[in-house]
Structures are given as structure tokens and as C-alpha cells.
Amino acid sequence: MPHDLSALPSPVLDVEEIRSRKMSRRAKVIKELVQTEKDYLTDLELCIREVVQPLRVLQVVDVDRLFTNMETVCEVSAALLHRMHAALSDPDPEAVVIGDVFIQAKAALEDVYKIYCYHHDDANMSLKAYEKEEQIKQGKPNLLDMGSLLIKPVQRIMKYPLLLGELWQATPEDHFDYLPLQEALTAAKIINVNINEFRRRKDIVMKYKRLENDEGTLRGKLNKINIHSLRKKGDRFAGYLKILTGVEPQVRDEVFDKEEKLFRSLEKAVRQLAKNVNCYVQYTQVRTERLKIQPCLLYCELSNLCASTILPSLLLQKERMEELVLLPLTSLQGMFTAPQKLIQKRYDKLLDYCCRLEHAPPGPAKRDYEAINALLVDELQRFNMAAYAILTNCVLCLVALLRGLMGCALVGAPAVHQLPLMERKVQEVQHQTEEQRAWLLAEYPPNRLYQLKRKCNGCQEQDLSLLEGELVAMLEDTDPLGSSSRWLVHNGGNKPYPHKQRSLLHSVTPGLCLSPQYYAVYAFQARCEQELSLQEYQHVRILQFCDLGGNKQWWLAESNGQKGYVPANYLGRMSYA
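Summary of the structure given here. Here the structure is a predicted model, which means the values were calculated and not measured. (Residues numbered from 1 in each chain as written. Predicted model: local features only at pLDDT ≥ 70, side-chain atom pairs only at ≥ 80, totals over all residues. Heavy atoms only, no water.)

## Focus on the side chain of S77
1) Next: Of note, S77 is situated in helix α3 (residues 70-88).
2) Next: Here S77 falls in the buried class, since its relative accessible area comes to 2%.
3) Next: Ignoring any residue separated from it by four or fewer positions in sequence, one finds S77 in contact with E37, Y40 and L41. (Helix = DSSP H or I, 4+ residues; strand = E, 2+ residues; numbered from the N terminus. Buried < 20%, exposed > 50% of the residue type's maximum accessible area, 1.4 Å probe, protein only. Contact = heavy atoms within 4.5 Å.)

## Focus: the pairing of strand β8 (residues 554-559)
1) Next: By the criterion of burial, β8 is predominantly enclosed, with 5 of the 6 residues buried.
2) Next: Taken together, the 3 bridges between strand β7 (residues 539-544) and β8 define a ladder with antiparallel strand orientation. If you follow Q544 over to β8, its bridge partner there is L556.
3) Next: Across 6 bridges, β8 lies against strand β9 (residues 562-567) in antiparallel orientation. Bridge pairing links W555 to V566 in β9.
4) Next: Between β8 and β9, which follow one another and run antiparallel, lie 2 residues, and N560 among them has a positive phi close to 55 degrees. (Pairing = 2+ DSSP bridges.)

## Points about the sheet that holds strand β10 (residues 571-573)
1) Next: Read across the sheet, 5 strands follow the order β9-β8-β7-β6-β10 without closing on themselves; strand pairing throughout is antiparallel. What marks the edges here is a single partner per strand, and that holds for β9 and β10. Recorded for the sheet is a direction-independent mean angle of 45 degrees between the axes of neighbouring strands. (Axes fitted to C-alpha atoms, helices over the stretch in contact; angles between N-to-C directions.)

## A few points about helix α9 (residues 152-169)
Note: α-helices contain 3.6 residues per turn, so residues at a spacing of three or four share the same orientation.
1) Next: Compared with an ideal rise of 1.5 Å per residue, which puts 18 residues at 26 Å, α9 spans 26 Å between its outermost C-alpha atoms and is within 8% of the ideal.
2) Next: In the structure, α9 departs most strongly from a straight axis at K159, where the bend amounts to approximately 30 degrees and where the proline P161 lies between one and four residues downstream.
3) Next: The set of residues buried in α9 consists of P153, V154, R156, I157, Y160, P161, L163, L164, G165 and L167. (Expected span 1.5 Å × (residues − 1). Bend = angle between axes of the 7 residues up to and from the residue.)

## Structural notes on the nonpolar core
1) Next: Core analysis: the biggest nonpolar cluster contains 51 residues, and F67, I98, F102 and Y113 have the highest contact counts within it.
2) Next: Considering every element that reaches this core, the biggest residue donor is helix α1 (residues 15-58), with 12 residues.
3) Next: In this structure, F67 is in contact with C47, V51, V52, L55, Y116, M146 and L150, ignoring residues within four places of it in sequence.
4) Next: If you look at the next biggest cluster of nonpolar residues, it comprises 26 residues, including L329, L376, V377 and L398. (Core = buried A, V, L, I, M, F, W, Y, C linked by side-chain atoms within 4.5 Å.)

Here you go:
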């Protein structure tokens, strides 16, 4: 006879019993979450207090490269633990909401752990290198045990989805924390996915950086020459032509285009400023050496001031400008090389991506392009900000140094009304004789003879007044102060070392200087075979002062072995004494 089933207990548990068990399990998971976070924070604080801070004082290792942003990770963990304690302060378990704590900390967790995980591999490589150095072993023996501590932040961010998933499963569906925990679990998973994607993109970029370094040698370039590479370059060139001609649209990223434009502008500004400052430093060096040897010729009253005040200030300013301006600019200029190569690689991958769009799904081409593009967008923004700050500081230092030099020069300088009056002395023009020109032609070789383009009056003591067309011989191509714009010349007279502006002189043919000469006042372009083309200031010899019909408005001229007619008003006669 069968037993009476109505007397047996039902195998289906009561709803309240199920809820009670879930709440009990939930309390254990929350306790585990808080306790593990507390232990994790203790390890971080111990590492920072016992290792990071002493090493930063000793300066025996690169602390920032080895520990990255561990101190910021510690701050975020402490804030997260504080929020969890605040959420657990409510005595009613039904009112405790843990999900909102992680939702509020989502952005901070992703930002700090993305940076730490991104540099974790580099930190391990640095740690292995430091383990081989005996000096560091003696200075900080517990550095050898840092591998287990360096991995803790990476393990912790990966454990959050597991703990939150377990807590979400242990939370009743009617609990206030059920939906926030579900959202927090999704957010934790997304954070880990983003970190993994960030690291994967870094691996792709590092691969191309290594390939770029290998290809820098001749052997590396020769090894890259194969059918595949040639075909790839051909496809890229064809894609570039299609984009250039508008046949295919170009995939654009406005954020990258903006940052690249700023990057190019900064590179150009840094290069130009470094070039100008370098020229200024070299010019200062030359000027100071010349001032030591030969003080100012024109303002002899200021010679003592130059020697006592300006010269020491100039030397000090040169040293400080090299240290505070030129050296940072030169270092910054060298930092533009690596991003430039990566930008070029990004354009190559963009062309590969565009070529694949019309044939098949882009696949790896799209993946590589997006990885390099995302990394460049992120790093270019930070690089541009840092480069702009360095460039601004260099400009401010340059302005301050120049202002300081002017201040030193004005301290001992006399007032304006105390300066000696410089009278403008217009020398009387001494007409050059045929004997003087003949002497110059006989005394100096042709490559040192020059002829005046136009009349010039000497206004200073060392200047010489000359007429248009007169001959001079160049003795030195600089003046006593080293300026190449003024030459030391001889006109055949009594003064052997007059000065003359270089722009007023031009080479001549000595054999043609003893007879009246004509030159082209304006450039003339021949319109037919009977006419002669001339450049401005070109010397000509007049064969006939009219054309075949007797028209005196056209002259028959000869220059460089060629003959032809030239308008008479385009020609002028050299004026001699």
C-alpha cells in the first residue's frame, strides 16, 4: 500500500527561505569584496611607503617607469573602499546598494588601470634589468620581490567582474541593488575589454616600431624587398592616386587631422626657433671675440662701456641661452622623429584599408589602421600639450634673457642727450682719372675689379664717395667688424682702404673699361631675331646709334658676341670723370 504523500514535506523551498539564503550569501560576498579590497589597498600602501618613496629619494632607478601610476591607483582604491564602507553604514541589509559605488567609480577605474596595464610589460622588463645590477641589489634588496606586487593591480581589475557577478547572482531580483549591480557588472566587463583592446593596439604599434627600427639598416631594407612588399607599395600608390583625384573618398578622422596639423605647426616652429637661436648664439660668439680684439670704431666713447658692462653680460647671456633655450629646443626637436614615422605608418595602413574596402571586408587592415589611429590620437594630444608648454617656456626665457641684456646695457649707458653728436659728413667727390683706372687694371687681377652701379656719397669717416661707373679693386670682403655687406676697396687714389657697400658694386670686364661704356638701364626682351635681349645693368658696346632707316630711337649694340637692336631709352652711359 503506497504511503500518504500529503504527510511528506514539499521539495520546493519556500520563497522566503530562498530569499533568506541569497541574502546570507550576498552578505558573505560583500564581506569578501570589502576585505579583499582592504588587503589590496594595504599591499599598495606598503609598496609605496617601503619601496617607491625610498627609491625616489635615492634616485637609483627610474621610479615612474617601474611603478607607473601606482600612487594614483592607490588613491582610486582608497576612494572605492571608502564608498563601500559608506554604503555598508546602513544597518538595514535591504538598503545597502553596492552597484552604485562601482558605477560612480567607473571612469576613474578605467582611466588609472588602463595606464597601469598599458605600461606593465615595460615595468617588468625594467625590473628584470634592475635585478642584474649589484648596486641596486645592495641598496634595496626587497626590490627583487616586486614582481608579485607589480602584478596585483592587473589582477585586481580583472577580479572585479568575478566578484560583482557573484554578488549579482546572490542578490534577489526584488532587491534595490539588483539592477545597479547588473549595470556595474556590465561596466566592469567593458573596462576589462577596453584595457585589453588598448594593450592589443599597443602590441600592434610596438610591432611596427620594431620593424621600423630593423628596416633602418641597409640589410633590413634589402630583406623587405620581395613580391609582397612591392605589390603592397603599388596598391598604396594606386590608392593614393584615386584619393588624390577624387575617384574614391578618403576615410578621415577630424580629431586626428586637428592634432596632426598642430603637430606639424609645432615641429616647424621648434625647428625654426632652434635654427634662429643657434645662429644668434654663433653670431654672439663671433661678436664678443671681435669686441675683445677691436672695440667699436665709430663710437669710441662707448668702448669702455662695452668692455666693462656689455661684454660680460653678453658672454653670460650666451651661456644661459644655450642652457635654457637652445638645449631644450634641440632635445624637443629630436622627439618629433618617432611620431612622424608612426604618422607615416598610419597613412600606409589607411591606404591599405581603403584598398580593401572595394574588394573584400578589410579585416586585419582595418584593425591595424584603427589601432595606430587610436594610439596616435591619444598620444598626439599629450605630446602636443607637452611640446607647446616647452616651446612657450623657451620663448619666455628667450625674451627674459634679451630683456636682461638690454637692461645691463642701459645701466651704464649715458643718457640720450649726453651722447656725442654724429655729424653727417658728405665728402667731396674725387673724380677718378684715366691714370687711376689704368693703374687698377694693371695692378689687380680681373676677379678683384668691380664697377659702381650708381653714384654714392660717403657719410662716415671710413667711407668713400664714388661716381657711377668708376672702377675699384676689392682688397677684403669684410669690414673691420666682420660684416660682409661692406668691402675694403681701392679706387686708385691716395686712400688705400676705403669702404663701400657691396650691393653697389658688380664685376666688370677690365678690357672694356678704358673706353666709354653703355649699360642696360632696364631689362629688354627681344621680340625678333634682329633685336638683342639684355639684362638689367648688362654692359653693351654701341656699334651704331641708329637703325638702317636712320631712326635714332633704336641703336645697334653688341654684348657677349651677339648683335642686335635695342631701344635707345633702355640704355645709359657710364659716367666717368
